[in-house]
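Spelled out, the chains give:
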Amino acid sequence: MANDSGLSLPDGVAFPFDNTYARLPERFYARLAPTPVAVPRLLKLNLALARQLGLDPDVLASPEGVAVLAGNRIPGGSDPIALAYAGHQFGGFSPQLGDGRAILLGELVDRDGVRRDVQLKGSGPTPFSRRGDGRAALGPVLREYIVSEAMFVLGIPTTRSLAAVSTGEPVWRETELPGAVLTRVASSHIRVGTFQFFAARSDLEALRLLADHVIDRHYPQIRTDPAAAAHPYRALFEQVIDRQARLVAQWMLVGFIHGVMNTDNTSIAGETIDYGPCAFMDDYDPATVFSSIDTQGRYAYANQPRIAPWNLARFGETLLPLLDDDSDAALAQANEILATFQSRFAGALLAGLRRKLGLFTEDAGDAVLADDLLKAMAANHADFTLTFRRLGDAAADPVHDAGVRDQFLDSAAFDAWAVRWRARLGHESQDGIARRAAMHAVNPLYIPRNHLVEAVLAAAIERDDYAPFEELMAVLARPFDERPGFAAYAEPPVGDQSGYKTFCGT
Ligand code: AMP
Ligand code: MG
């Protein structure tokens, strides 16, 4: 009995999948089903995202739906595959990585006509698992759920989380942990590393098929714009660079540190993907690194705008044979396009900084003004999020300067800067109330601070208590709206809540 959403009951759950990647040649993936788990239990279902995907939340929450979300049952329409990819990890190349613990159930076209991958992460071993167990632990699954959804409401392109299910099975890391499966939704799971996989095998035919698939799926305007269509792979490189430049600028503007910017974690669609060791900064310090394995600080906050073009250079290398038959000409073209990253990134960053500072117009001195605030923040251990948030209040009325000054060890550093800021604001006609509204709409009050996330995970893992998780999700769902009763969620960590470390992909 099928209903509007394409799901059918009671004879089985079916999704209205329309799988295009699974129709690419066999060497693009391994075809296999998830490995069933002992006792699936639904921990969280993203109702709004389910509806966006045209799925009925009631069906997903039913025992049959939960069996699908756990990997115990293949829904009708699914053609499950683990994708092949390669990648540079911390600068070193692995010609074969691939979905070692993830399986793509299929693609759905959502209510806005956007094609979305629906993937189970933690769904058991695949031919790409190497020494891994193919599983995910509950903590990292909940963490990805929280942070990816927070990124989404902050307006930052990201993979999303449709559901979290516990497996009733232990996973072994340094210690025994409860296991879980995350249902991840992405524009696609195609990465720079997917191109590298075929480039490493000199498989030009596959590279061309993959590039054409990506253009049709993510950059269809290349087909219709005559100038782009004349050189589609050049246009593709340009578009991917543009999306990455904007993405990393958005990370910088909220103090987000991805933590593992390997080429296999660089999405061709320009989404934030792989929430392993990521974290938001509290005190502003450009050198901040959270990942326990990133001992060199390769993926530190301030390095992100340098690492992105490094990853994109690796992407460009895979495209060389498609750009021009003459390899020197291809290289020259690729370098010319790659060089545009800087201006694209700088433009997106400066536009964002202007919004954060409440500037409606452009002035040649704005970049220096913003940079000087950031320097003062770094020197004075100012909280990144609260400084910008409270600056919005100060824009409405200088009486609120006190809230910003509080963030600075030496508040005179802020006062000196504030004189210049106010002089600059004086060149614009907006009143303080309008400026505060504009600033509060871009400077969040609530972000998934590490100490908050850790407390939520501890409650879930140690006490099977999901009330703190639900409350944090409710707070993060509206990050720009100050609400009574949630003041503690805006606060930076104190004492032993700081000094946070994250652990990769476990
Ligand atoms: P990540 O660090 O999460 O980007 O993963 C890097 C590579 O390791 C990818 O190929 C993953 O599929 C694989 N991987 C990570 N964790 C596991 C695991 N528990 N079992 C199998 N493969 C894994
Ligand atoms: Mg990854």
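Residues numbered from 1 in each chain as written. Chains lettered and ligands numbered in written order. Predicted model: local features only at pLDDT ≥ 70, side-chain atom pairs only at ≥ 80, totals over all residues. Heavy atoms only, no water.

## A word on the overall build of the chain
From N to C terminus, the chain includes 20 helices and 12 strands. In terms of overall dimensions, the chain has C-alpha extents of about 65 × 60 × 45 Å along its principal axes. With 506 residues in all, the chain has 57% of them scored as buried. Pairs at least 24 residues apart make up 71% of the contacts formed inside the chain by residues separated by at least 6 positions. (Helix = DSSP H or I, 4+ residues; strand = E, 2+ residues; numbered from the N terminus. Buried < 20%, exposed > 50% of the residue type's maximum accessible area, 1.4 Å probe, protein only. Contact = heavy atoms within 4.5 Å.)

## Side note on the site of ligand 1
Neighbouring residues of ligand 1: 19 residues in total, closest Gly98, Gly100, Arg130, Gly134 and Asp274. A distance of 3.2 Å is found between an oxygen atom of ligand 1 and a side-chain nitrogen or oxygen belonging to Asn265. Asp274 has a polar side-chain atom sitting 2.6 Å from an oxygen atom of ligand 1. When isolated, ligand 1 has an accessible area of 480 Å², and the protein chains bury 86% of it. Tallied by class, residues from the shell around ligand 1 come to three nonpolar, eight polar and eight charged. Here the shell around ligand 1 spans two domains, and each of domain 1 (21-189) and domain 2 (208-348) adds at least three residues to it. (Near = heavy atom within 4 Å. Polar contact = N/O pair within 3.5 Å; in protein donor to acceptor, adjacent residues only side chain to side chain. Areas by Shrake-Rupley, 256 points an atom, 1.4 Å probe, with all protein chains shown as cover. Nonpolar A, V, L, I, M, F, W, Y, C, P; charged D, E, K, R; others polar. Domains from an automatic or database assignment.)

## Focus on the packing of aromatic side chains
All chains considered together, the criterion is met by 20 aromatic pairs. Their ring planes at 70° and their centres at 5.4 Å tell us that Phe256 and Phe280 sit as a pair that is edge-to-face. Here Phe256 is found in strand β11 (residues 256-257), whereas its partner Phe280 is found in strand β12 (residues 279-280), with 24 residues between them in sequence. For Phe256, a relative accessible area of 0% translates into the label buried. For Phe280, a relative accessible area of 1% translates into the label buried. Cluster of aromatic residues (ring-pair linked, three or more members): Tyr21, Phe28, Phe197 and Phe198. The ring of Tyr85 carries the charged tip of Arg191 above its face, separated from the ring centre by 4.1 Å. Sitting over the ring of Phe197, Arg201 keeps its end group 3.6 Å from the ring centre. (Phe/Tyr/Trp six-rings, centres within 6.5 Å; stacked < 30°, edge-to-face > 60°. Lys NZ or Arg CZ within 6 Å of the ring centre and 35° of its normal.)

## Observations regarding the coordination of the magnesium ion (ligand 2)
Every protein donor of the magnesium ion (ligand 2) is accounted for by Asn265 (OD1) and Asp274 (OD), and the metal-donor separations fall at 2.0 to 2.2 Å. For Asp274, a relative accessible area of 19% gives the class buried. (Donors = N, O, S within 2.8 Å, 3.2 Å for Na, K, Ca; no water.)

## A few points about the side chain of Ser267
Within the secondary structure layout, Ser267 lies in the loop between β11 and β12. In terms of polar contacts, Ser267 uses its side chain to reach the backbone amide nitrogen of Ala269, at 3.0 Å.

## With respect to helix α18 (residues 450-463)
Between the first and last C-alpha of α18 there are 19 Å, a value that for 14 residues agrees with the 20 Å anticipated at 1.5 Å per step. Of all the positions in α18, only Asn450, His451, Leu452, Val453, Val456, Leu457, Ala459 and Ala460 are classed as buried. (Expected span 1.5 Å × (residues − 1).)

## Notes on the pairing of strand β9 (residues 160-172)
Inspection of the sheet shows strand β2 (residues 41-45) paired to β9 by four bridges, in the antiparallel sense. Paired with Lys44 across the bridge in β9 is Ala164. Two strands pair when backbone bridges link them, and β9 and strand β10 (residues 176-186) are joined in this way by nine bridges, in the antiparallel orientation. Across the sheet, residue Arg160 finds its bridge partner in β10, namely Val185. (Pairing = 2+ DSSP bridges.)

## Quick look at the nonpolar core
With 99 residues, the main nonpolar core has Phe195, Leu236, Leu357, Leu391 and Trp421 as its most contacted residues. At 14 residues, the largest contribution of residues to this core is made by helix α9 (residues 232-254). Once you skip the residues sitting within four places of it in the chain, Phe195 turns out to touch Ile190, Leu207, Leu210, Ala211, Val214, Ile268, Phe315, Thr318 and Leu319. (Core = buried A, V, L, I, M, F, W, Y, C linked by side-chain atoms within 4.5 Å.)

## Focus on helix α19 (residues 467-476)
Where α19 is concerned, the buried positions are Phe469, Leu472, Met473, Val475 and Leu476. In an axial view of α19, the angular spread of the buried residues amounts to 160°, which keeps them on one side of the axis. Tucked into the core, α19 has its buried residues touching β2, α4 (138-153), α18 and α20 (487-490). (Arc of directions from axis to C-beta.)

## Brief notes about the pairing of strand β6 (residues 102-109)
Of all the eight residues making up β6, seven are buried; the element is thus mostly covered by neighbouring parts of the structure. Taken together, β6 and the strand that follows it, strand β7 (residues 115-121), pair antiparallel across an intervening segment of five residues, in which Gly113 is found at a positive phi of about 80°.

## A closer look at the confidence of the model for the chain
Low-confidence regions, as indicated by low pLDDT, have predicted coordinates that should not be scrutinised in detail. Scored by pLDDT, the chain comes out at a mean of 96, with 96% of its residues at no less than 70. Ranking the elements of the chain by mean pLDDT puts β12 last, at 96, and helix α5 (residues 192-199) first, at 99. Note on residues 1-10: pLDDT is under 50 here. Beyond four places in sequence and across chains, it has 23 contacts. (pLDDT = per-residue confidence, 0-100.)

## Topic: the packing of α18 against α19
It is at 7 Å that the axes of α18 and α19 come closest, and there the two elements cross at 150°. For the pair α18 and α19, the contacting residues are Leu452, Val453, Val456 and Ala459 in the first and Pro468, Phe469 and Leu472 in the second. Here the residues of the contact of α18 with α19 sort into seven nonpolar, no polar and no charged. (Axes fitted to C-alpha atoms, helices over the stretch in contact; angles between N-to-C directions.)

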